[in-house]
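Chains, contacts and geometry: an overview
One-letter residues, chain by chain:
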Number of protein chains: 2
Amino acid sequence: MTKIGDVAALAKVSAATVSRVLSRDPNMRVSAATRERVMEAVRELNYVPSHAGRALRTATARAIGLVVPDVTSAVFAELAAGAAQTAVDRGLTLVLAGAEQLASDPDWVARALGEGRVDGLVVQLPDAASTHMVDDLARHAGEVILINSVDDGPIDTVTLDDRAGITAAVDHLVALGHREVGFVGGIEGSATGGRRRDAFLTRLADHRLAVPGRDAPAQWITAFGYSGPEGREAATRLLSGGPRPTAIVVANLNAALGVLAEIHQAGLRVPADISLVALHDVWYADALWPPLTTVRMPLRPLGAAAVEILLDGGRSRPTHRVIDEPPVVIVRDSTAPPSSRSGRLSAAR
Amino acid sequence: MTKIGDVAALAKVSAATVSRVLSRDPNMRVSAATRERVMEAVRELNYVPSHAGRALRTATARAIGLVVPDVTSAVFAELAAGAAQTAVDRGLTLVLAGAEQLASDPDWVARALGEGRVDGLVVQLPDAASTHMVDDLARHAGEVILINSVDDGPIDTVTLDDRAGITAAVDHLVALGHREVGFVGGIEGSATGGRRRDAFLTRLADHRLAVPGRDAPAQWITAFGYSGPEGREAATRLLSGGPRPTAIVVANLNAALGVLAEIHQAGLRVPADISLVALHDVWYADALWPPLTTVRMPLRPLGAAAVEILLDGGRSRPTHRVIDEPPVVIVRDSTAPPSSRSGRLSAAR
DNA sequence: CTGAAAGCGCTAACAT
DNA sequence: ATGTTAGCGCTTTCAG
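Attention in this report is confined to the structure presented alongside it.

How each quantity is defined
Residues numbered from 1 in each chain as written. Chains lettered and ligands numbered in written order. Predicted model: local features only at pLDDT ≥ 70, side-chain atom pairs only at ≥ 80, totals over all residues. Heavy atoms only, no water. Salt bridge = Lys/Arg side-chain N within 4 Å of Asp/Glu carboxyl O. Helix = DSSP H or I, 4+ residues; strand = E, 2+ residues; numbered from the N terminus. Buried < 20%, exposed > 50% of the residue type's maximum accessible area, 1.4 Å probe, protein only. Pairing = 2+ DSSP bridges. Axes fitted to C-alpha atoms, helices over the stretch in contact; angles between N-to-C directions. Contact = heavy atoms within 4.5 Å. Near = heavy atom within 4 Å. Polar contact = N/O pair within 3.5 Å; in protein donor to acceptor, adjacent residues only side chain to side chain.

**Examining the pattern of salt bridges**
Residues and elements named next belong to chain A. The tally for this structure, following the rule as stated, stands at 40 salt bridges over all chains. For D171, the salt bridge goes to R203, with nearest N and O atoms at 2.8 Å. Highlighted residues: D171 in helix α9 (residues 162-176) and R203 in helix α10 (residues 191-206), separated in sequence by 32 residues. Overall, the relative accessible area of 25% leaves D171 in the partly exposed class. According to the relative accessible area criterion, R203 is partly exposed, its value standing at 23%. Here the salt bridges share partners, and the residues they tie into one network are D151, D162, R195 and R196.

Here's what the structure looks like:
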């Protein structure tokens, strides 16, 4: 590999000058002529500064890690895009990692940060994150930001307005005339799961609709998790005997796939027999059958904000930001007014 | 951060000894007592060796990059898992990256490698990769391995046996009694696209089935690409007027989503009116409606092999390995014998 | 078996 | 505006 000295020799300047030219720091004054000669030499030799040398000297990696529960969830694509954009703008490398290691190895965080391969970590905790994972992270507050999981505590935090998303979904269904609505939620006790469930219940009450467990069957509201199979399980439960709702809000798109499959399995039609709206929009929402109505959340801004807050660290108190860009309902074909055969619930009483 | 000197001081040895203990190199002989004292100090101080220091000294990053066209494609999950496992076994960090940058910035590769953040790159080229991208990579032969794209040239290469996969799909359909089969392929001129298309045509001939463009309508074989929307486009074309096949082989699962949506849109039923089998198995294949019959390819071994070959580099001639683990057809509900109403093609002539 | 010393490539203070 | 010098944290001869 060609090094800074080679460039310096070719340009007939000192290594320090090459460094100054390459740093692009405005208060590093270098004459235009020298600068030109240096750049010429850099091109000539295809010089790329050694990351190790620079990192050792400056004690920074100019890289941050993005840790997500499941890299292959399409929901994560936009998030990553937002984070990547901001990182690139700031001249940083963004490194992706799955959360498996984080979950399995208690001092993965300490090592990742301690080694100095990255300067900070943007972490989305798995739905089922244990408290000790949060504690592990808390020990590195300042170098870590949590996205869309916890929204308080000593660690910096950015979250989506989950409540607004769920509210928009419910409102959309109500506007279509639905009054009997079920909910497929995240797992019991998870931060987003709780927020989304509460928002659902609250909005039901706002509209004076039947509340599962009170005026409606308890199984209309489920909490198996956000994965496809878990969604399927939830739908099985939700549809098992008794009156069924005319519409369902699914708190996550992956789960909605499972719900959709189970509804088909049960011989029901969407939206004729039952309407479906899911939180989070992904590319294949309209390659499903029927094309799925979704609530698009500001995931890109979420990712961008996470990187920004992480980088502008050094505050005394932790930041807890909520991305308040409003969610938008993408109406496709899985929602429609309830059929005339609706009103099962009232009929059943 | 605590450094090696701190550990040395606490353990009352020199930094060199600490390094020797931590290197775990068997021919570094250190007395058991010293070793124990050092390890004790390491634990006490939570010492993690600085990556930069080590990388600078040894001129290696102990990290490799995995570059894929689309991080969020579920097809990629297994591939990444295989690569990650092998990397971890060898004590390496695996860094993920999307291929956008690779496509847009001609010397992204040179920089990534030159900076020394990674020691090598496992690259899956986008379907529509330009030749100049391959040329850029060729300049770094030895530090780069190509997966499931090109299968010759100066760069090391591992590929799936695409032909076997497609053959298995066709055979499955033929075993069910289909004789009129369509094909939704990758884009014209791509390496995998070509292999899969050729395999399809060959197998058709082997079974003496109607060949699109000769005894069957030319539009039964399409080449729009592997994405969902492109699959949809292909299905539109394939189903446009004229006799239609009783079954379709889709060369990629993402595209199959689009195909499925379009078939539904056309008011056809799967598999009653038309059977569907797709290459690559993903978690949600059975959350679709109907659950999709797929051909499962050995993606995990592919990822593992890529990392191995990259690491065991230094041969004089490039390696071109094919993962020959046989593909397996996962029969779900999207394939069935052709209905009695079949034979449209012969009837039409 | 262990320690001393040198140096990997770079940047930041300090000189000039 | 540019050069000189020192040293970031580590591993690796070379001595002992």
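**A look at the sheet that holds strand β12 (residues 328-330) of chain A**
Residues and elements named next belong to chain A. A sheet is described by the order of its strands in space; here six strands give the open sequence β7-β6-β8-β9-β10-β12, paired in mixed fashion. Unpaired on one side and paired on the other, β7 (221-223) and β12 mark the two borders of the sheet. For this sheet, the mean inter-axis angle between neighbouring strands, taken without regard to orientation, is 15 degrees. The strands touched by helix α11 (residues 228-239) are β6 (181-185), β7 and β8 (247-250); relative to β6, the strand with the most contacts, the crossing angle is about 150 degrees.

**Things to note about the protein's contact with DNA strand C**
Inspection of the region around DNA strand C gives 23 residues, with I4(A), Y47(A), R57(A), R20(B) and T34(B) positioned closest. When atoms of DNA strand C within 4 Å of the protein are sorted by moiety, sugar and phosphate together comprise 65%. Between DNA strand C and S31(B) there is a distance of 2.8 Å, counted from a phosphate oxygen to a backbone nitrogen or oxygen. A distance of 3.2 Å separates a base nitrogen of DNA strand C from a polar atom in the side chain of R57(B). Of all the secondary-structure elements, those providing two or more residues to the surface near DNA strand C are α2 (15-23) and α4 (51-58) of chain A together with α2 (15-23) and α4 (51-58) of chain B.

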